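Coordinate analysis (summary)
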Amino acid sequence: MSSTTHDVYYVPAPSKWPVVGSTALFLLACGFISLLHFGHTQGVVLLGAGFATLTYMLFGWFGNVIHESETGKYNEQVDASFRWSMGWFIFSEVMFFAAFFGALFYARQMSVPLLGDVDNQLVWPGFKPGWPSAGPYIGTEFHPMSAWGLPAINTLLLLTSGVTVTWAHWALKAGNRTQLNLGLAATIALGLIFLFCQMTEYGEAAFSLATGVYGATFFMLTGFHGFHVTLGTLMLIVILGRCLRGHFTPEHHFAFEAVSWYWHFVDVVWLGLFVFVYWL
Amino acid sequence: MKKLRVLAGALASAVPALALAGYDVNIPAPKTPISLQIYGLHMEIMYVCLAIFVVVFGVMFYSLFAHRKSRGAVAAHFHENTTVEVIWTLIPFLILAVIAFPATKTVLAMKDASNPDMTIKVTAYQWKWQYDYLNDGLKLYATLSTPREQIGAPDAHGKVTNEHYLLETDNNVVVPVGKKIRLLITANDVIHGWYVPQLGVNQYGIPGFIKDAWFQANEPGVYRGQCSQICGKEHGYMPIVVEAKSAEDYAAWVKEQKAKQAADAAPAEKVSLADPVVR
Amino acid sequence: MEASHAHAHDDHHHAPTGLARYFTTTNHKDIGSMYMWFSLIMFFVGGFMALVIRAELFQPGIQIVNPDVFNQLTTIHALVMIFGAVMPAFVGFANWQIPLMVGASDMAFARMNNWSFWLMPPAATLLVGSFLVPGGAAGSGWTLYPPLSIQGGISVDMTILAVHIMGASSIMGSINIITTILNMRAPGMTLMRMPMFVWTWLITAYLLIAVMPVLAGAVTMLLTDRHFGTHFFNAAGGGDPTMFMHIFWFFGHPEVYIMILPAFGIISHIIPTFARKQLFGYSSMVYATASIALLSFIVWGHHMFTVGMPAAGNLFFMYATMLIAVPTGVKVFNWIATMWRGSITFETPMLFAVGFVSLFTIGGFSGLVLAVTPVDITLHNTYYVVAHFHYVLFSGAIFSIMGGAYYWLPKWTGHMYDETLGKLHFWLTAISFNITFFPQHFLGLAGMPRRIPDYAPQFTEFNQISSIGAFLLGFSQLLFLYVVIKCIRGGAKAEAKAWEGAEGLEWTVPSPAPYHTFETPPQFH
Ligand code: HEA
Ligand code: HEA
Ligand code: CUA
Ligand SMILES: [Cu+2]
């Protein structure tokens, strides 16, 4: 029986990081609530403590994982576990965005038209439905974001970054470290430029989060996307750092792939945004 | 074991109490064409479920009885049979189709509020109802009329003294009998529910939106209901009382109300619907 | 089995002891036990709130809590029971059983597993602690419908963040479970040879990953509507409170199957064991479970028949909802066919399983009554609904949890529990459960709305019966606590195969299961 070719699956030793992570999230939650309700200082202190603890946890935990990976503790089966888990994690992210896309479609197809129908004239006399709309009461004049300025450039940026990260991946598989580092650096740069453009666009926006359901869906969708790009960029930076230290082999580099999967996911979400938030 | 006896005692004392009181164990008597259909549908489904329950659990309890190890039963070895799987997939499906058919008709009838004889706009507030009779130009507010002192204080036997405790209002909604009444239901702060079981209506009032429903009372009478969606601390205290009257009585009531409203020195409070959410 | 031989890796040598062991553990059995204890505690906390609710409803008038507090108790009772008692209990079972059942050394991500657990206590603190902040806990019902939930105070934000944290915990837990099942099965255990409990959890985990993020999105929108000026759920800005309901129930309906599918799995182990006969129709059970899960995504509108959807919407959701009775029926019939011509004995787990099958079906039937739109119109938000969901949740989910606990306690503790007390616990629970919740059907039919602290006098008698039942039911659970503790402390020694008719890898390891099992995968035949 013990003649099976499976070697043992790596089960990590007891670790303090989970509890540290929970403490961090609890502090963040308490800090956020304090900030909303009890004034500034308390909230900022708690949030700061939360972020510090979270950072400590992230460095410590990922430090462990990277160490285990580099010292060859992870066999093929562990690698497969990472693949499954990353896939399902991205699925969960897809569903998170689905909630906000759902809100957008619902507002456009259901609630705004309904508010303008015959019966609702009793409540909102004279309201003309259409899209974009900030609703019958907030509905002041505003200029929606056009698709063909910065957003189109951003689309190009992200699509290109999808290519560069793939280029880096090919280089990694071919053992070409220079191209790998170049490809990654280019991807990071594109991500940063994207974020810069997004900030610029926000700065120029002639409406806000409070501009009815249009402003709400616009900023929440693009905001969460931007947040994901930020995370993705940070992860790419970590990966670049590891590449520079000589981590990864052409056969064994799932951390790299996971980040590139994530990056492609962020890319696809953007395409959805571009079509449904900016363009149509 | 002592617990068991207490339990048995509780059960035993409960049964005669029930029999004596003769409480309804069913939907209150339906008073509109729609609620009549609802009543019928409910009976039909309940009997179907009851029948399935008796058959299915008859089989199960027979098996539990007959195939006990203590009776010397030896386990058989079968564990698969595609034919029975198909059969017990199809039969429930067919039963459901039979139920769905009349239900569909009722849904369509229920949703058809066209060509009403009159229209009342219902606006819910925390915690009262406003009724605007759009055809007759009347407006009234209905709030709970059970005296507040009674609420905290049932009598020594835990009984409340007021017959219609919690189900009475200062201004009842009066409607003519036999007429199709369309309700335009909305709310001004949070979601409420306009719910009168005997009239077969249960419709949320959603702030900022108008939703419609309709009923047609078959016979004169007083029909009581309550707010059906949690709306804050007084959710239990916003009853609905509908009085269906004959055409003449209704006309007289309208006249009386008009006179009353004209006599009112203060004009009816103007409520802004523009800001539906109290922040 | 070579399961018990010394483990190869060097990591466990300096394992911490005492409290630190549980804070830092990466062992699925430790984590499983923590989940189970957490769940039991939350069950008592939520049950305590239910008892206050039932005490207030013993007679008309306001006696014990004011209407505000009443609403808060209702809301937190539900959230605690769902997110604190039922879901963690099933995750506890998953932790204990799945590695044992599929022959894995541990969960795929043992460290993350511990994080999933340790997110629960802070979340529970936020949730239950919200009673202490100014304004008290959230009082909008567990469904948190805006605009009512927009009006609430600090506690609503605490609830929202608690939901976020519990959601993160669920998602990580589910990813862990899915990965363990898909990637760590012993050689020879193909998907269609997995134990039913493993199958049901695979599908449940999929549901969780699909809908928890949607709930997170919904409450996030609530948060921004509350504090950052968005108008998702406000008509003034073109939003719609109904939109929240759609998003919430897109989560909410699959959520109720999240609370019943693992129960189906547990029952599918208990019945064959005590009927001493293989589960009937294994593959149709798998397909039925998957169909229930898929259908669960398209039925959410049955919670919204009274919001004023167009007729087509009502009809669609009615048909889809009714369809779910078909695969669920298949499961019920298969269980009965498993019992048929078995060699049946009635140990406590079997009693709970039989109770489950009959009482859950009653709950399913009342669900079907509610599924018929016109009937729902007259029963929506009445006690009929309350009766329906306690039948599926208590005599469904909770019965399976208790039955499963009795079933596997010998494996977990190495001792047999006290059979006499176990049976007594079952009968007390089953009888008082019915006294509590059966009369609520009548209350609902007669038109008593839910979420009210005070009611019209004609509802008095049934409410009194229900309240008496609730107290019996509540105090009977102290017996369960006693039996469990007694079993941990001692009792007859359990065999590796504690039940004559039990099948599966978990019964091949000694009882109690050693701290490390299957460090090299067993061969599954
Ligand atoms: C574990 C939890 C669970 C489960 C399994 C179910 C199962 C079902 N539920 Fe339930 N439900 C809830 C938990 C659950 N529910 C909760 C918590 C609420 C309230 C939420 C709130 O508002 O707070 C709710 C509310 C709820 C409503 C809304 C009521 C309202 O607010 O007005 C409806 C309406 O359709 C419904 C229907 C159903 C149906 C059709 C099933 C079906 O899955 C049942 C299927 C089973 C059977 C039918 C029995 C076995 C079948 C056979 C023996 C075959 C033969 C049968 C026939 C042919 C009839 N449920
Ligand atoms: C799994 C879920 C679950 C479970 C197990 C229960 C269990 C119980 N529920 Fe629950 N309930 C819900 C889920 C659940 N409920 C939901 C989702 C709602 C809807 C909420 C809403 O409307 O938003 C609800 C609402 C609800 C209502 C309606 C409230 C209202 O509309 O205002 C009522 C009323 O009777 C009730 C009663 C009970 C009772 C008596 C129990 C009993 O089974 C409890 C048994 C009791 C115990 C287990 C307690 C043991 C404690 C002691 C013996 C005391 C010692 C105390 C300590 C040590 C602290 N519940
Ligand atoms: Cu108004 Cu409940
Ligand atoms: Cu549902």
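Keep in mind that what you see is a predicted model, and the values were worked out from it rather than measured.

**Details of helix H2 (residues 28-56) of chain C**
Within an α-helix, residues lying three or four positions from one another point in the same direction, as the helix has 3.6 residues per turn. Residue and element names in this part refer to chain C. Between the first and last C-alpha of H2 there are 42 Å, a value that for 29 residues agrees with the 42 Å anticipated at 1.5 Å per step. Burial within H2 is extensive, with 21 of its 29 residues counted as buried. Structurally, the start of H2 carries an N-cap: the backbone nitrogen of Lys29 is 2.7 Å from a side-chain oxygen of Asn27.

**Considering the site of ligand 2**
Residues and elements named next belong to chain C. Neighbouring ligand 2 are 34 residues, the closest being Arg54, His77, Trp142, His390 and Arg451. With respect to ligand 2, the side chain of Gln440 contributes an N or O atom lying 3.4 Å from an oxygen atom. Here an oxygen atom of ligand 2 and a backbone polar atom of Arg451 are 2.6 Å apart. The leading source of residues in the shell around ligand 2 is H2, at eight residues. Here the shell around ligand 2 is built from residues that sort into 23 nonpolar, eight polar and three charged.

**Examining helix H11 (residues 282-295) of chain C**
Over its 14 residues, H11(C) extends 20 Å from the first C-alpha to the last, a length consistent with the 20 Å expected when each residue adds 1.5 Å. If you check which residues of H11(C) are buried, you get Tyr282(C), Ser284(C), Met285(C), Val286(C), Ala288(C), Thr289(C), Ile292(C), Ala293(C) and Leu295(C). Contacts from the buried residues of H11(C) go to helix H3 (82-111) of chain B together with helix H8 (196-227), helix H9 (241-258), helix H10 (261-275), helix H12 (311-323) and helix H13 (325-339) of chain C.

**Side note on the coordination of the iron atom of ligand 2**
Residue and element names in this part refer to chain C. For the iron atom of ligand 2, the full set of protein donor atoms is His77 (NE2) and His390 (NE2), and the range of their distances to it is 2.0 Å. Between the six donor atoms coordinating the iron atom of ligand 2, the angles at the centre fall across 86 to 179°, so the site counts as octahedral. Linking His77 in helix H3 (residues 67-102) with His390 in helix H16 (residues 383-413), this pair joins segments that are 313 residues apart in sequence. For the pair shown, His77 and His390 are each scored as buried.

**Side note on the site of ligand 1**
Residues and elements named next belong to chain C. Looking at ligand 1, there are 32 residues lining it, with Tyr257, Asp376, His380, His388 and Arg450 nearest. Measuring from an oxygen atom of ligand 1, one finds a side-chain N or O atom of Asp376 at 2.4 Å. In this structure, a nitrogen atom belonging to ligand 1 sits 2.9 Å away from a side-chain N or O atom of His388. When contributions to the shell around ligand 1 are tallied by element, the ones reaching two or more residues are H9, H13, helix H14 (348-371) and H16. The element contributing the most residues to the shell around ligand 1 is H14, with eight residues. Considered class by class, the residues forming the shell around ligand 1 number 20 nonpolar, ten polar and two charged.

**A closer look at the sheet that holds strand S6 (residues 192-196) of chain B**
Residues and elements named next belong to chain B. Read from one edge of the open sheet, five strands run S4-S10-S9-S6-S7, paired in mixed fashion. At either end of the open sheet lies a strand with only one pairing partner, and these are strand S4 (173-176) and strand S7 (201-205). Each strand of the sheet is rotated relative to its neighbour by a mean of 25°, with strand direction disregarded. Note that S4 and strand S10 (residues 239-245) share four bridges and pair parallel. When the sheet's bridge partners are listed, Val173 is paired in S10 with Val242.

**Brief notes about the side chain of Asp132(B)**
Residues and elements named next belong to chain B. Position of Asp132 relative to the elements: it lies in strand S2 (residues 128-133). Within polar-contact distance, the side chain of Asp132 engages the side chain of Gln130 at 2.7 Å. Apart from residues lying up to four places away in sequence, Asp132 is in contact with Thr119, Ile120, Lys121, Thr123, Leu138 and Lys139.

**Overview of the pairing of S2(B)**
Residue and element names in this part refer to chain B. Most of S2 sits inside the fold, with five of its six residues counted as buried. Relative to S2, strand S1 (residues 118-125) is paired through six bridges, and the arrangement is antiparallel. Residue pairing for S2: Ile120 is matched across the bridge by Tyr133. Linkage of S1 to S2, two consecutive antiparallel strands, is achieved through a turn of two residues. Judged from the five bridges that link them, S2 and strand S3 (residues 138-142) form a sheet pairing that is antiparallel. Of the residues in S3, the one forming a bridge with Tyr133 is Leu138.

**Observations concerning the interface of chain A and chain B**
Contacts between the two partners involve nine residues from chain A, matched on the other side by 13 residues from chain B. Approximately 930 Å² of surface area, both sides summed, lies buried where chain A meets chain B, with 70% of it carried by carbon and sulfur atoms. On the chain A side of the contact with chain B, Asp119(A), Leu122(A) and Val123(A) bury the most area, a combined 51% of that side's loss. Connecting chain A to chain B are one salt bridge. Between Arg182(B) and Asp119(A) there is a salt bridge, and its shortest N-O distance comes to 3.2 Å. Connecting chain A to chain B are three residue pairs in polar contact (both at pLDDT 80 or more). Broken down by class, the residue content of the side of chain A that touches chain B amounts to six nonpolar, two polar and one charged.

**Things to note about the confidence of the model for chain C**
Residue and element names in this part refer to chain C. Here chain C shows a mean pLDDT of 94. Residues at 70 or above account for 97%. Taken together, the stretch residues 1-13 has pLDDT below 50 and engages in 26 contacts with residues farther than four places along the chain or on a different chain. Here the complex is predicted with pTM 0.94, and the ipTM for its interfaces comes to 0.93.

**Some points on empty space enclosed by the protein**
A full pass over the atoms with the stated rule returns five cavities of 30 Å³ or more. Taken as a whole, the largest cavity spans an internal volume of roughly 120 Å³. Lining the largest cavity are 14 residues, with Tyr35(C), Met87(C), Val91(C), Ser169(C) and Ser170(C) positioned closest to its centre. Of all the secondary structure elements, the ones that give two or more residues to the lining of the largest cavity are H3, helix H7 (154-183) and H8 of chain C. Among the elements that line the lining of the largest cavity, the one with the most residues is H7(C), at six residues. Residue composition of the lining of the largest cavity, by class: ten nonpolar, four polar and no charged. By volume, the second largest cavity amounts to about 100 Å³. For the second largest cavity, the lining is made up of 13 residues, of which Tyr9(A), Gln77(A), Ala104(C), Ser105(C) and Pro521(C) are closest to its centre.

**What about the packing of aromatic side chains?**
Scanning all chains against the criterion turns up 96 aromatic pairs over all chains. Taking the centre distance of 5.5 Å and the plane angle of 55° together, the rings of Phe207(A) and Phe219(A) count as tilted. With a gap of twelve residues between them, Phe207(A) in the loop between helix H5 (177-204) and helix H6 (212-244) and Phe219(A) in helix H6 connect regions that are remote in the sequence. Using a relative accessible area of 7% as the deciding quantity, one classes Phe207(A) as buried. Here Phe394(C) and Phe399(C) contribute two aromatic rings whose centre-to-centre distance is 6.1 Å and whose plane-to-plane angle is 70°, an arrangement assigned as edge-to-face.

**Section: the side chain of Glu68(A)**
In this fold, Glu68(A) is placed in helix H2 (residues 40-70). Not counting residues up to four positions away in its chain, the partners in contact with Glu68(A) are Tyr10(A), Pro12(A), Lys73(A), Tyr74(A) and Arg111(C).

**Observations regarding the nonpolar core**
Counting residues in each nonpolar core, the largest one holds 321 residues, and the members touching the most others are Trp201(C), Trp335(C) and Phe356(C). In this structure, Leu138(B), Val174(B), Val175(B) and Cys231(B) belong to the second largest nonpolar core, which totals 37 residues.

**Digging into the pattern of salt bridges**
Evaluated as defined, the whole model comprises 14 salt bridges over all chains. The residue Asp30(C) makes a salt bridge to Arg21(C) at a minimum N-O spacing of 2.6 Å. Classification of Asp30(C) by relative accessible area gives buried; the value is 4%. Residue Arg21(C) is classed as partly exposed on the basis of its relative accessible area, which comes to 28%. One salt bridge in this structure joins Glu500(C) and Arg276(C), with 2.9 Å as the shortest N-O distance. Taken together, the residues span a long stretch of sequence, with Glu500(C) in the segment after helix H18 (460-489) and Arg276(C) in the loop between H10 and H11 at a distance of 224 residues. A relative accessible area of 18% places Arg276(C) in the buried class. Among the charged side chains, a salt-bridge network with shared partners connects Asp79(A), Arg83(A) and Glu257(A).

**Examining the coordination of the copper ion (ligand 4)**
Residues and elements named next belong to chain C. Around the copper ion (ligand 4), the donor atoms from the protein are His253 (ND1), His302 (NE2) and His303 (NE2), and they sit 1.8 to 2.1 Å away. Written as a sequence motif, the donor arrangement for the copper ion (ligand 4) is H-x48-H-H. Between the copper ion (ligand 4) and the iron atom of ligand 1, a separation of 4.6 Å is found. Within this pair, whereas His253 is found in helix H9, its partner His303 is found in the loop between H11 and H12, the two being separated by 50 residues in sequence.

Cut-offs used in this document
Residues numbered from 1 in each chain as written. Chains lettered and ligands numbered in written order. Predicted model: local features only at pLDDT ≥ 70, side-chain atom pairs only at ≥ 80, totals over all residues. Heavy atoms only, no water. Helix = DSSP H or I, 4+ residues; strand = E, 2+ residues; numbered from the N terminus. Expected span 1.5 Å × (residues − 1). Buried < 20%, exposed > 50% of the residue type's maximum accessible area, 1.4 Å probe, protein only. Polar contact = N/O pair within 3.5 Å; in protein donor to acceptor, adjacent residues only side chain to side chain. Near = heavy atom within 4 Å. Nonpolar A, V, L, I, M, F, W, Y, C, P; charged D, E, K, R; others polar. Contact = heavy atoms within 4.5 Å. Donors = N, O, S within 2.8 Å, 3.2 Å for Na, K, Ca; no water. Tetrahedral: all angles 85-135°; square planar, octahedral: opposite > 155°, others 65-115°. Pairing = 2+ DSSP bridges. Axes fitted to C-alpha atoms, helices over the stretch in contact; angles between N-to-C directions. Buried area = accessible area lost by both parts, 1.4 Å probe. Salt bridge = Lys/Arg side-chain N within 4 Å of Asp/Glu carboxyl O. pLDDT = per-residue confidence, 0-100. 1 Å grid on protein atoms, 1.4 Å probe; cavity = no way out; pocket = protein on both sides within 12 Å on 5 of 7 lines; lining within 4 Å. Points joined across faces, edges and corners; volume = space filled by probe spheres on them. Phe/Tyr/Trp six-rings, centres within 6.5 Å; stacked < 30°, edge-to-face > 60°. Core = buried A, V, L, I, M, F, W, Y, C linked by side-chain atoms within 4.5 Å.

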